[in-house]
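Descriptive analysis of the structure
Okay, here's what each chain looks like letter by letter:
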Amino acid sequence: MLAEGRVRFVGEAVAMIVAETLDQARDAGELIDLSLDEVPVALALEPGGATIHPEAPGNLAFDYGIGREAETAAALTQAAHVVRLEVIHNRVIVNPLEPRGAWADWAEGRLHLCVNGQGVWNQKKELARMLGLAPDAVRVTNPDVGGGFGMKAMTYPEYVVIAQAARMLGRPVRWMAERGEGMLSDNAGRDLVAQAEIGFDAGLRITGYRVRVLSNLGAYNSQFGQPIQSELFSKVLTGVYDIPHAWQNTIGVFTNTAPVDAYRGAGRPEAILTIERVMDEAARVLGVDPFDLRRRNFIRAFPYRTVTGQVIDVGDFPRVLARAEVEADVAGFAARRAESASRGMLRGLGLATYIESILGDPSETARLTLDEGGGATLYVGTQSNGQGHETVYARMAAGMTGLPEERIRVVQGDSDLITNGGGTGGSRSVTVQGTALRATVGQVVAKMADFLEAELGLTGVAFSDHVFGASGSNLRLTLAEAADLARARGRADLCDQAATITLEGRSFPNGAHLAEVEIDPETGALQLDRYTVVDDFGRLIAPELAIGQVHGGVAQGYGQAVLELAMHDGAGQVLAASLMDYALPRATDLPFVDFTSEPVPSVLNPFGMKGCGEAGTVGALGAISNAVRDALAPRGVTRVDMPFSPQRIWHWLQAAA
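Keep in mind it's a predicted model, so treat the numbers as computed, not measured. For every chain, the first residue of its written sequence is number 1, and the numbers climb from 1 along that sequence. Residue-level local features of this predicted model are given only where pLDDT is at least 70; pairs of side-chain atoms are given and counted only at 80 or more, and the full residue set underlies all totals for whole chains, interfaces and linings. To get the side-chain values, take all heavy atoms of the structure and skip hydrogens and water.

So, about the overall build of the chain. Each helix corresponds to a stretch of at least 4 residues labelled H or I by DSSP, and each strand to a stretch of at least 2 residues labelled E; elements are numbered beginning at the N terminus. Tallying secondary structure elements over the chain gives 16 helices and 21 strands in all. A globule of 657 residues ought to have a C-alpha radius of gyration of about 26 Å, and the chain, at 27 Å, matches this closely. With respect to the principal axes defined by its C-alpha atoms, the chain has extents near 85 × 70 × 50 Å. Between buried and exposed lies partly exposed: a residue is buried under 20% and exposed over 50% of the maximum accessible area for its type, with that area taken using a 1.4 Å probe on protein chains only. The buried share of the chain, taken over its 657 residues, is 57%. When contacts within the chain are restricted to residue pairs at least 6 apart in sequence, those whose partners lie at least 24 apart make up 77%. Here the Shrake-Rupley method, with its probe set to 1.4 Å, supplies the accessible areas, and only the displayed protein chains count as covering residues. Total accessible area on the chain stands at roughly 26100 Å², and carbon and sulfur atoms take up 52% of it. Taken as two groups, the 57 positive and 79 negative side-chain charges of the chain have centres that lie 4 Å from each other. Only C-alpha atoms enter the radius of gyration, while the globule expectation follows 2.2 Å times N to the 0.38, with N the number of residues. Contacts between residues were defined by any pair of non-hydrogen atoms, one from each residue, lying within 4.5 Å. When charges are counted, neither His nor the chain ends are considered; positive counts come from Lys and Arg and negative counts from Asp and Glu. Where a charge sits is defined by one atom per residue type, namely NZ (Lys), CZ (Arg), CG (Asp) or CD (Glu).

Listed below in structure tokens is the structure:
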């Protein structure tokens, strides 16, 4: 858990100090004399260079391929038109509102680790394995968590060493990262280069698509690092397009930087940004309207199996795009561009159509207890990091049971209170957890109906409009009243039920994002002036929460596209270790995000939901990038790369001039 013999990135933990106070710990840190011998640094995003791990010659972590390699090569060779583009995905630091932290305690031979993470069961399993404990000897809890975004899903070294320290000392041990510590040691996001080629026939239908990805894993293969840029990228490799032949080759490379792992979208934003950039470039090269080129190539028949084996259940991509054109007033863009030009400004319009696959464990458990007094407690296997799960789960439970929403208490993040769970990540929470809740309520109702039939001598007891009744009887009992009767007759077990479900398939949220930017050519300063989103999330259970997720996702996409860049110098030293050196988006950077729902309910879960947590980021990167490319094209700028800082834009304009 601590560096042994070699430090492989700036920020890797080398020693642990336990003290009574934080000031004592800092003083002790000043007394440590760390002797380091410099070794050659490997930072290049290509195999080769100074070896970081002896078991990975040339720093090659993996070489992954999926799709139809030979057929794709042939399709590109025979294509009437081929467009090529390199897309750089800049490295970002996650920076949640609340840095990572944890405390550990031992009592009666059991470990209790409290961590601000994204689920408790993976942490429980890993702690038991690393500390040589039986799983029953480990309890993990999550309190309220101030942001996760994928980065907090991992088992970090600090959690294991504070647990071990608490065991050795017989005392509770607490740790909380400071902002600079987190910027050095948290798993970073993105950091890859995608080289894309796309071929079209004479009618401008796509015939082949090939992507070579060079992915930076950092100094270690983190918990989900490899599958994010290989498998998860491949799940939406071809986007919303009917592409007969495609091939993805991802090369994973170790470098002397902090590990790279899950960050909002995890593989899906990277894949969609790549194909949406190359589609926009193709429209420009071929001299066709970017909306029309997309419409020609949309998937139209469902279910649709992609080249990489994903089965998209439903969708109506033309309808979503048509609605987006109207909502964004694309017809009025020419006039807005002319008005900007009259003030010496450059205006660009960028489109991105996207699809994502909800990910994570397809299984989930829910437990429902009917409390005395007419309330209920719902135990869930997901973990809210600020998304409002407590609201939506209580609303769903109230709608199914007839119990007052305000009387339903949601309990999460305690491995002692619910036997298993998948945690939060991959836009899975409400879809999978909601289905588990439905199964649990169904189990409660069925057992309670059987009880009422036996206890009251009735037949055909059913639960309808939130009331138990039976034909030929005046029985009218609410679920709360039935629970009171069951407890009175010694059947309290009926009031505490749990069920586990597994979804047969994953749903596919999709949509269209349209961004308009205005750029000052004298300074390179960029303003995101208008932003329109039309999403197909299927059925919305809590629309206000879905809209909030989209707003937050777009803000994070804007941050990566315009502001954020985690840089290292030639020795691997991090150049942004505080918020003085690293720019995060602020409210004043963003216009109001106009959101419209254009739903096509999924057929793969009983609610018709599709997930919404990561969609804002998945669409935002491509829309903003294409808007910047469009704004600068009239000045002769032919290549743009995130982040679109004023300095970079100004230099591109000067070079073109």
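We treat two strands as partners when DSSP finds at least two bridges between them. Taking strand neighbours across the sheet as the criterion, the four strands line up as S5-S4-S3-S6 in an open arrangement whose pairing is mixed. One side of each edge strand has no neighbouring strand; the edge strands of this open sheet are strand S5 (138–141) and strand S6 (173–176). Sheet twist, expressed as the average angle between the axes of neighbouring strands with direction ignored, equals 15 degrees. Strand direction decides the pairing type here: strand S3 (residues 101–107) and S6, joined by four bridges, are antiparallel. Bridge pairing in S6 links Trp-103 to Arg-174. Most of the contacts of helix H3 (residues 121–131) go to S5, to which it runs at about 140 degrees, and overall it touches strand S4 (110–115) and S5. Here an axis means a line fitted to C-alpha atoms, over the contact stretch when the element is a helix, while the angle between two N-to-C directions is reported on a 0 to 180 degree scale. Of the strands in this sheet, S3, S4 and S6 are in contact with helix H4 (residues 157–169), which crosses S3 at around 30 degrees.

With that settled, the discussion passes to the side chain of Gln-556. Mapped onto the secondary structure, Gln-556 falls in helix H14 (residues 543–563). Of the residues examined, Gln-556 reaches a relative accessible area of 12% and is grouped as buried. Only 2.5 Å separates the side chain of Gln-556 from the side chain of Arg-264, close enough to count as a polar contact. Filtering out sequence-adjacent residues up to four positions away, Gln-556 remains in contact with Phe-149, Tyr-263, Arg-264, Glu-564 and Thr-617. Nitrogen and oxygen atoms within 3.5 Å of one another constitute a polar contact, given that in protein one can donate a hydrogen and the other can accept it, and given that sequence-neighbouring residues count only through two side-chain atoms.

Looking only at H3, the buried set comprises Trp-121, Gln-123, Lys-124, Glu-126, Leu-127, Ala-128 and Leu-131. Those residues of H3 hidden inside the fold are in contact with S4, S5, H4 and strand S14 (376–380). Positive phi appears at Gly-132, one or two residues downstream of H3, with a value of about 65 degrees.

Let's shift gears to the sheet that holds strand S12 (residues 346–355). Sheet strands pair via backbone hydrogen bonds, and the direction of the pair is either parallel or antiparallel. With mixed pairing, the four strands of this open sheet are ordered in space as S12-S19-S20-S21. Strands at the two margins of the open sheet, each flanked by one partner only, are S12 and strand S21 (593–597). On average, adjacent strands in this sheet sit at an angle of 10 degrees to one another, irrespective of strand direction. Bridge analysis of strand S20 (residues 526–536) against S21 gives five bridges, and the strand direction is parallel. Bridge pairing in S21 links Asp-535 to Ser-597.

Our focus in this paragraph is the nonpolar core. Counting residues in each nonpolar core, the largest one holds 86 residues, and the members touching the most others are Tyr-209, Ile-519, Leu-526, Tyr-531, Ile-624, Leu-632 and Phe-644. With 10 residues, the single largest contributor to this core is helix H15 (residues 615–632). When sequence neighbours within four positions are dropped, the list of residues in contact with Ile-519 reads Met-345, Leu-346, Gly-524, Ala-525, Leu-526, Val-628, Ala-631, Leu-632 and Ile-649. Among the buried residues, those of types Ala, Val, Leu, Ile, Met, Phe, Trp, Tyr and Cys that are joined through side-chain atoms within 4.5 Å form a nonpolar core. Core analysis: the second largest hydrophobic core is formed by 46 residues, Ala-394, Val-410, Val-445 and Ala-483 among them.

Right, let's talk about the packing of aromatic side chains for a bit. Note on aromatic contacts: the rings of Phe and Tyr and the six-membered ring of Trp form a pair at centre separations within 6.5 Å, being stacked when their planes are under 30 degrees apart, edge-to-face when over 60 apart, and tilted otherwise. For the structure on display, the rule yields eight aromatic pairs. Ring geometry for Phe-9 and Tyr-220: centres 6.4 Å apart, planes at 80 degrees, overall edge-to-face. Note that Phe-9 is positioned in the segment before helix H1 (22–31) and Tyr-220 in the loop between strand S8 (206–218) and helix H6 (225–235), a separation of 211 residues in sequence. Residue classification places Phe-9 among the buried positions, given a relative accessible area of 8%.

A few words now on unusual backbone geometry. Cis geometry marks the peptide bond from Phe-302 to Pro-303, where omega comes out at -5 degrees. Residue placement: Pro-303 occurs in the loop between helix H8 (290–297) and strand S10 (304–305). For the peptide bond that leads from Met-642 to Pro-643, omega is -5 degrees, which places it in the cis range. By secondary structure assignment, the location of Pro-643 is in the loop between H15 and helix H16 (646–656). If you check the backbone angles, Asp-191 has positive phi at about 65 degrees while not being a glycine. When its relative accessible area of 14% is taken as the criterion, Asp-191 is described as buried.

Burial of strand S7 (residues 192–200) is extensive: eight of the nine residues sit out of reach of the surface. When strand S2 (residues 81–89) meets S7, the two strands line up antiparallel, connected through nine bridges. Each residue of the ladder has a partner; that of Ile-88, found in S7, is Val-193. Bridge analysis of S7 against S8 gives nine bridges, and the strand direction is antiparallel. Opposite Glu-197, over in S8, you have Arg-210 as the bridge partner. The antiparallel pairing of S7 with S8 creates a hairpin that spans five residues between the two strands, and Leu-204 there sits at a positive phi of about 65 degrees.

Now for the side chain of Glu-276. Turning to its location among the elements, Glu-276 is positioned in helix H7 (residues 268–286). At 2.9 Å, the side chain of Glu-276 and the backbone nitrogen of Thr-353 are in polar contact. Apart from residues lying up to four places away in sequence, Glu-276 is in contact with Tyr-241, Arg-294, Leu-351, Ala-352, Thr-353 and Asn-626.

This brings us to the pattern of salt bridges. For this document, the term salt bridge refers to a Lys or Arg side-chain nitrogen within 4 Å of an Asp or Glu carboxyl oxygen. Taken as a whole and judged by the stated rule, the model has 46 salt bridges. Glu-178 serves as the salt-bridge partner of Arg-26, at 2.1 Å between the closest nitrogen and oxygen. Residue Arg-26 is found in helix H1, and its partner Glu-178 is found in the loop between S6 and helix H5 (179–185); the two are separated by 152 residues along the sequence. You can call Arg-26 partly exposed: its relative accessible area is 41%. A salt bridge links Asp-630 to Arg-284; the nearest nitrogen and oxygen atoms lie 3.4 Å apart. Remark: Arg-284 occurs in helix H7 and Asp-630 occurs in helix H15; sequence separation between them is 346 residues. Residue class for Arg-284 comes out partly exposed when judged on its relative accessible area of 32%. Connected through shared salt-bridge partners, Asp-329, Arg-336, Glu-339, Arg-343, Arg-347, Glu-516, Glu-518, Asp-529 and Arg-530 make up one network.

Limitation: the analysis is restricted to geometry and does not speak to function.
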